[in-house]
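Each chain, written out:
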Amino acid sequence: MTSETAPTGTVSASVPGHVPTPDQIRRAPKVLLHDHLDGGLRPGTVVELAQDSRYSELPETDPGKLGIWFREAADSGSLERYLETFRHTVGVMQTRQALVRVARECAEDLAEDGVVYAEVRYAPEQHLEAGLSLEEVVEAVNEGFREGERLAREAGRRIRVGALLTAMRHAARSLEIAELANRHRDFGVVGFDIAGAEAGYPPTRHLDAFEYLKRENNHFTIHAGEAFGLPSIWQALQWCGADRLGHGVRIIDDIEVREDGSVRLGRLASYVRDKRIPLELCPSSNLQTGAAPSYAEHPIGLLRRLHFRATVNTDNRLMSHTSMSQEFERLADAFGYTLDDLQWFSVNAMKSAFIPFDERLAMINDVIKPGYAELKSEWLFQQTASTRASEGSAG
Ligand SMILES: O=c1[nH]cnc2c1ncn2[C@@H]1O[C@H](CO)[C@@H](O)[C@H]1O
Ligand SMILES: [Zn+2]
């Protein structure tokens, strides 16, 4: 497989340290591993679905105001309060039509943003209030993703979307959801996850689900190291056997940066880095829940320099008012990332996806690398043209 390219600061010979423009970032092929279906609805869709289903609890009925409400309510500094906002999105996602629509729009919106591969997660157990079965929920979401992929293709964009089935960590249905994920494997579902409030709900509560998935040779990620620190990450990896960490940002607590700039990794941080455990980092979400103070101080800067298998993700596009392009833009602003850095994150993410290795490799070699190469060569020729023009006007 491809090597993980040079660390920050070492730019390739062909492209000097050029911070990409918003347009280049949007056109760059991006890979998204951590995005919640119920955290990414269009505000206008929430309003319309609420009208259709006579859901009367929305705090605002104007789409613009509702979008702002979600962002502000999620800007709470605590994961628990952030999660309260999902009551309204889950509230309007209880019928087959609503699920198909939300999934279709999700695929379309991601494709429009230049995402070429996405794993989108949701908790089927939260969509049963109007009488759907777990199977019907999964079928509706899969149908929506397939429709969205098709509509994106018709609009000249390419995206592939896989689903991750989430079990809620405070509930007790994880084994059932793991079995559901296993039944729908190869039919749109690529893995399993647990989410919800972290403190007080360690991943080991769900050991039976993880052991079942391991026996089935299936894949899973675990939300860990977001609102709670190292013990949660350690349990997720060493007790539960997670393939990836949802967030995992608190691994930073096991890394010491000394005054002279040298760095010492603890045993757990070394394990995560050396075993190439993918970190599904979500910068904007972390700022809202208080897991990081600012983009510039977000641990992703250090984790990238230390060659952790870091990936960039949106978590909840509605609550964080973000997109993959936005996350990349914020990081490029904060850390001066170039197209080479953005390619590194995208290749890291593609390597860490739950689809078969040959398909990941094809995405890297046939889609991601050529996409970045195109942008870099475009920029190179623009540079040559503008240098010539300025030489011309000077002479
Ligand atoms: O960042 C997060 N940490 C933990 N749980 C989350 C996060 N974002 C969303 N959810 C939870 O996952 C459920 C299924 O998608 C959502 O309903 C929400 O409760
Ligand atoms: Zn999440």
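Because the structure is a prediction, the values reported are computed rather than measured.

### What to know about the overall build of the protein
Then, number 1: Scanning the protein from terminus to terminus reveals 16 helices and 10 strands.
Then, number 2: What you see for the protein is a C-alpha radius of gyration of 21 Å, in line with the 21 Å of a compact globule of 395 residues.
Then, number 3: In terms of overall dimensions, the protein has a C-alpha envelope of 75 × 50 × 40 Å along the principal axes.
Then, number 4: When each of the 395 residues of the protein is scored for burial, the buried share is 49%.

### Some remarks on the site of ligand 1
Then, number 1: Lining the immediate surroundings of ligand 1 are 19 residues, of which His36, Phe86, Ala123, Ala195 and His223 lie closest.
Then, number 2: Split by residue class, the shell around ligand 1 holds seven nonpolar, eight polar and four charged.

### Examining the sheet that holds strand 4 (residues 189–195)
Then, number 1: Strand order in the open sheet formed by four strands is 1-2-3-4, and the pairing between neighbours is parallel. Two strands lie at the open edges of the sheet, namely strand 1 (30–36) and strand 4, each paired on one side alone. The mean inter-strand angle of the sheet, taken between neighbouring strand axes irrespective of direction, is 25 degrees.
Then, number 2: When strand 3 (residues 160–168) meets strand 4, the two strands line up parallel, connected through six bridges. Pairing of Leu164 across the sheet is with Gly191, part of strand 4.
Then, number 3: Packing against the sheet, helix 6 (residues 96–112) makes contact with strand 1, strand 2 (115–122) and strand 3, and its axis sits at approximately 145 degrees to strand 2.

### Things to note about the UniProt feature "binding site: Zn(2+)" (unreviewed entry) in the protein
Then, number 1: If you check UniProt for "binding site: Zn(2+)" (unreviewed entry), the listed places come out as His34, His36, His223 and Asp315 in our numbering. In summary, the annotated positions, though distributed over 282 residues, converge in three dimensions, the widest C-alpha pair being only 11.9 Å.
Then, number 2: By the element assignment, His34 lies in strand 1.
Then, number 3: Looking at His34, the number of C-beta atoms within 10 Å reads 30, which means it is buried.
Then, number 4: In this structure, His34 is in contact with Gly246, Glu280, Cys282, Asn313 and Asp315, ignoring residues within four places of it in sequence.
Then, number 5: Within the secondary structure layout, His223 lies in strand 5 (residues 221–224).
Then, number 6: Residue contacts for His223: discarding those within four places in its chain leaves Asp193, Ile194, Ala195, Glu198, Gly246 and His247.

### A few points about the UniProt feature "site: Important for catalytic activity" (unreviewed entry) in the protein
Then, number 1: Per the UniProt record, the feature "site: Important for catalytic activity" (unreviewed entry) sits at His247.
Then, number 2: Setting aside residues no more than four positions away along its own chain, His247 makes contact with His223, Ala224, Gly225, Glu226, Glu280, Leu281 and Cys282.

### Thoughts on the confidence of the model for the protein
Then, number 1: Confidence in the prediction of the protein, expressed as mean pLDDT, is 93, and 95% of residues score 70 or more.
Then, number 2: Taken over the whole predicted complex, pTM reads 0.94, whereas the ipTM for its chain interfaces reads 0.99.

### Some thoughts on the environment of Ala73
Then, number 1: Locating Ala73 in the fold gives a position in helix 3 (residues 63–74).
Then, number 2: Taking the number of C-beta atoms within 10 Å as the measure of exposure, Ala73 has 16 and is therefore partly exposed.
Then, number 3: For the pair formed by Ala73 and Thr85, sequence separation is 12 residues and the distance between their alpha carbons is 6.9 Å.

### Some points on helix 2 (residues 43–53)
One full turn of an α-helix is made of 3.6 residues, so residues set three or four places apart face in the same direction.
Then, number 1: All of the buried residues along helix 2 are Pro43, Val46, Val47 and Leu49.
Then, number 2: Those residues of helix 2 that are buried lie in contact with helix 3, helix 5 (86–91) and helix 6.
Then, number 3: Just beyond helix 2, the residue with positive phi is Arg54, at close to 55 degrees.

### Observations concerning the sheet that holds strand 6 (residues 244–247)
Strand-to-strand pairing in sheets goes through backbone hydrogen bonds, with the strands running parallel or antiparallel.
Then, number 1: If you walk across this open sheet you meet the four strands as 5-6-9-10, and the pairing is parallel. Each end of this open sheet is capped by a strand with a single partner; those strands are strand 5 and strand 10 (310–312). Recorded for the sheet is a direction-independent mean angle of 30 degrees between the axes of neighbouring strands.

### Observations regarding the packing of helix 2 against helix 6
Then, number 1: Running from amino to carboxyl end, helix 2 crosses helix 6 at an angle of 170 degrees, the nearest separation of the two axes being 11 Å. By the criterion of interaxial angle, the relationship of helix 2 to helix 6 is roughly antiparallel. On the side of helix 2, the interface is formed by Thr45, Leu49 and Ser53, while helix 6 contributes Ala98, Arg101, Val102 and Glu105.
Then, number 2: Taken together, the residues of the contact of helix 2 with helix 6 sort by class into three nonpolar, two polar and two charged.

### Description of the pairing of strand 4
Then, number 1: Of all seven residues that make up strand 4, seven are buried, and the element is covered over most of its length.
Then, number 2: Viewed along the sheet, the connection from strand 3 through helix 8 (residues 174–183) into strand 4 turns out right-handed.

### Some points on the pairing of strand 6
Then, number 1: Across four bridges, the pairing between strand 5 and strand 6 is parallel. Looking at the pairing, Ile222 lines up with Leu245 of strand 6.
Then, number 2: The parallel pair strand 5 and strand 6 is bridged by helix 10 (residues 230–239), and the resulting crossover is right-handed.
Then, number 3: In this structure, strand 6 lies alongside strand 9 (residues 279–281), joined through two bridges in parallel fashion. When the sheet's bridge partners are listed, Leu245 is paired in strand 9 with Leu279.

### Some details on the environment of Ser320
Then, number 1: Looking at where Ser320 falls in the secondary structure, it is placed in the loop between strand 10 and helix 14 (324–335).
Then, number 2: Ser320 sits 51 residues away from Ala269 along the chain, and the two C-alpha atoms are 28 Å apart.
Then, number 3: Not counting residues up to four positions away in its chain, the partners in contact with Ser320 are Ala74, Ser284, Ser285, Gln288, Thr314 and Asp315.

Quick notes on the rules
- Position numbers for residues start from 1 in each chain and track the written sequence from start to end.
- Each chain gets a letter, beginning with A, and each ligand a number, beginning with 1, in the order they are written.
- Totals for whole chains, interfaces and linings use all residues, but because this is a predicted model, local features are given only for residues with pLDDT of at least 70 and pairs of side-chain atoms are given and counted only at 80 or more.
- Under the scheme used here, helices are H or I runs from DSSP no shorter than 4 residues and strands are E runs no shorter than 2 residues, and both carry numbers assigned from the N terminus.
- All radius of gyration figures rest on C-alpha atoms, and the globule criterion is 2.2 Å times the number of residues raised to 0.38.
- Exposure is read from a count of other C-beta atoms within 10 Å of each residue's own; the residue is exposed at 12 or fewer, buried at 20 or more and partly exposed in between. C-beta atoms are placed from the backbone.
- Nearness is defined per residue: the C-beta atom, placed using the backbone, must lie within 6 Å of the molecule or strand.
- The classification used treats Ala, Val, Leu, Ile, Met, Phe, Trp, Tyr, Cys and Pro as nonpolar, Asp, Glu, Lys and Arg as charged, and all other residues, Gly among them, as polar.
- Two strands form a pair only when DSSP identifies at least two bridges running between them.
- Note on geometry: axes are C-alpha line fits, over the in-contact stretch for helices, and angles between N-to-C directions span 0 to 180 degrees.
- What counts as a contact is two residues whose backbone-derived C-beta atoms lie within 7 Å of each other.
- UniProt positions are given in the numbering used here, feature names are shortened, and annotations may be inferred rather than shown by experiment.
- What pLDDT reports is the predictor's confidence in each residue, on a scale of 0 through 100.
- Oblique is the label for any angle not covered by the other classes, which are roughly parallel (under 35 degrees), roughly antiparallel (over 145) and roughly perpendicular (65 to 115).
- Handedness of a crossover is defined as follows: with both strands directed away from the viewer, a clockwise route from the first strand across the helix to the second makes it right-handed.

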